[in-house]
Amino acid sequence: MKKSLLLLGVLASLPLVAKGDMRIPSSVYTMEEIEEAKAEALEEEEPLIFVYTDPGTS
Amino acid sequence: MVFANSKTDYQDLPAGAKAAQKQSGNTIPMVFVTTADGSESIRGISYDKLKNDIRDVDRELRKHLETVDVIGSSSGETEVADAAETSDAMLSEARAWTNSDGKTITAAVKAVNDTSVTFVINGNEVPYPLANLSADSRMALKELVNQ
């Protein structure tokens, strides 16, 4: 269930990223925070999900 | 979820994300799913797939995640590692630690140096910058080292 919620959250956020909108939700880690993201994923036993894009792309 | 800038972050992606990128075509945005430790690719999702039917992607990925080990390469050693988390090899048994944003994780502590702490979470060693921990957690680590 957690996995599903996580995934839906990721997919729901894609339009924001794709439009070049830089309002990244606080629950989203940046690459500078990758170790924190790993720690949380390991604790929650969840996969890591990366959204990979150019924030300047409109 | 981790946001990675395609112009600046590629080199810093963990191995699993780089492997997933190879499955995801050349068009951004794309999504990489890796094990929790980032070491192995679970799935790369291309822009075309996202664009065509995001519900199909969601459905298929959820089904796939039920069949794979999402923890990572060392999860096969979890039983041994879990035992180790409570042994004398650890500086601390599993307990709650708080980062500077107020998020809490539960982890054993294996080692501490001047800049980072090595947490053990579900059998996986995770280096973590001391600077990202709350003042209280940094103080608790300092006391742990001085014991």
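Here the structure is shown first, and the text comes after it.
On a predicted model such as this, the values are computed, not experimentally measured, just so you know.

If you tally the helices and strands in chain A, you get 2 helices and 2 strands. Beginning at the N terminus, the succession of helices and strands in chain A can be written as α-β-α-β. Residues counted as buried form 47% of the 58 residues belonging to chain A. When contacts within chain A are restricted to residue pairs at least 6 apart in sequence, those whose partners lie at least 24 apart make up 66%. Carbon and sulfur atoms provide 57% of the accessible area of chain A, an area that totals close to 2800 Å².

A few words on unusual backbone geometry. A negative phi holds for most residues other than glycine; trans holds for most peptide bonds. Residues and elements named next belong to chain B. Along the chain, Ile28 connects to Pro29 via a cis peptide bond; the corresponding omega equals 0°. Assignment of secondary structure puts Pro29 in the loop between α1 (15-22) and β2 (30-34). Although it is not a glycine, Asn122 adopts a positive phi angle of roughly 50°. Inspection of the secondary structure puts Asn122 in the loop between β6 (116-121) and β7 (124-129). Judged by relative accessible area, which is 22%, Asn122 ranks as partly exposed.

This paragraph deals with the interface of chain A and chain B. By a frequent convention, interface size equals the accessible area lost on bringing the separate parts together. Every contact between the two is made by 40 residues of chain A and, on the other side, 48 residues of chain B. Buried area between chain A and chain B, summed over both chains or domains, comes out near 4300 Å², and the portion from carbon and sulfur atoms is 67%. The largest per-residue losses of area from chain A upon contact with chain B belong to Leu42, Phe50 and Tyr52 of chain A, which jointly make up 21% of the total buried on that side. Scanning the region where chain A abuts chain B turns up 1 salt bridge. In this structure, Lys7 of chain B and Asp54 of chain A form a salt bridge, with 3.5 Å as the shortest nitrogen-oxygen distance. Counting residues per element, the ones that place at least two in the side of chain A that touches chain B are α1 (2-18), β1 (29-30), α2 (34-44) and β2 (48-53) of chain A. Split by residue class, the side of chain A that touches chain B holds 23 nonpolar, 7 polar and 10 charged. With 4 bridges joining them, β2 of chain A and strand β1 (residues 2-5) of chain B adopt parallel strand pairing. Note that in β1 of chain B the partner of Thr53 of chain A across the bridge is Asn5 of chain B.

The subject of this paragraph is the environment of Arg138 of chain B. Residues and elements named next belong to chain B. Considering the arrangement of structural elements, one finds Arg138 in helix α5 (residues 135-146). On a C-alpha basis, the gap between Arg138 and Trp97 in space is 9.0 Å, while along the polypeptide they are 41 residues apart. If near-sequence neighbours (up to four positions away) are discounted, Arg138 is found in contact with Leu130, Ala131 and Leu133.

Moving on: the pairing of strand β5 (residues 104-112) of chain B. Residue and element names in this part refer to chain B. In terms of strand pairing, strand β4 (residues 92-98) meets β5 through 5 bridges, oriented antiparallel. Paired with Ala96 across the bridge in β5 is Thr106. Hairpin connection of β4 to β5: 5 residues between the antiparallel strands, including Gly102 at a positive phi of 90°. In terms of strand pairing, β5 meets β6 through 4 bridges, oriented antiparallel. The partner of Val112 across the bridge, within β6, is Val117. In sequence, β5 turns back onto β6 through a hairpin of 3 residues.

On to the side chain of Ser24 of chain B, then. Residue and element names in this part refer to chain B. Structurally, Ser24 is set in the loop between α1 and β2. Within polar-contact distance, the side chain of Ser24 engages the backbone nitrogen of Ile45 at 3.4 Å. Leave out the neighbours within four places in its chain, and Ser24 touches Met30, Val31, Phe32, Gly44, Ile45, Ser46 and Tyr47.

Further remarks concern the packing of aromatic side chains. Residues and elements named next belong to chain B. On inspection of all chains with the given rule, the structure shows 3 aromatic pairs over all chains. When the centroid spacing of 5.8 Å and the interplanar angle of 35° are considered together, the rings of Trp97 and Phe119 count as tilted. One end of the pair, Trp97, is in strand β4; the other, Phe119, is in strand β6, with 22 residues separating them in the sequence. Just as Trp97 is buried, Phe119 falls in that class too. Judged by centre distance (5.5 Å) and plane angle (55°), the ring pair of Phe119 and Tyr128 falls under tilted.

The rules behind the values
Residues numbered from 1 in each chain as written. Chains lettered and ligands numbered in written order. Predicted model: local features only at pLDDT ≥ 70, side-chain atom pairs only at ≥ 80, totals over all residues. Heavy atoms only, no water. Helix = DSSP H or I, 4+ residues; strand = E, 2+ residues; numbered from the N terminus. Buried < 20%, exposed > 50% of the residue type's maximum accessible area, 1.4 Å probe, protein only. Contact = heavy atoms within 4.5 Å. Areas by Shrake-Rupley, 256 points an atom, 1.4 Å probe, with all protein chains shown as cover. Buried area = accessible area lost by both parts, 1.4 Å probe. Salt bridge = Lys/Arg side-chain N within 4 Å of Asp/Glu carboxyl O. Nonpolar A, V, L, I, M, F, W, Y, C, P; charged D, E, K, R; others polar. Pairing = 2+ DSSP bridges. Polar contact = N/O pair within 3.5 Å; in protein donor to acceptor, adjacent residues only side chain to side chain. Phe/Tyr/Trp six-rings, centres within 6.5 Å; stacked < 30°, edge-to-face > 60°.

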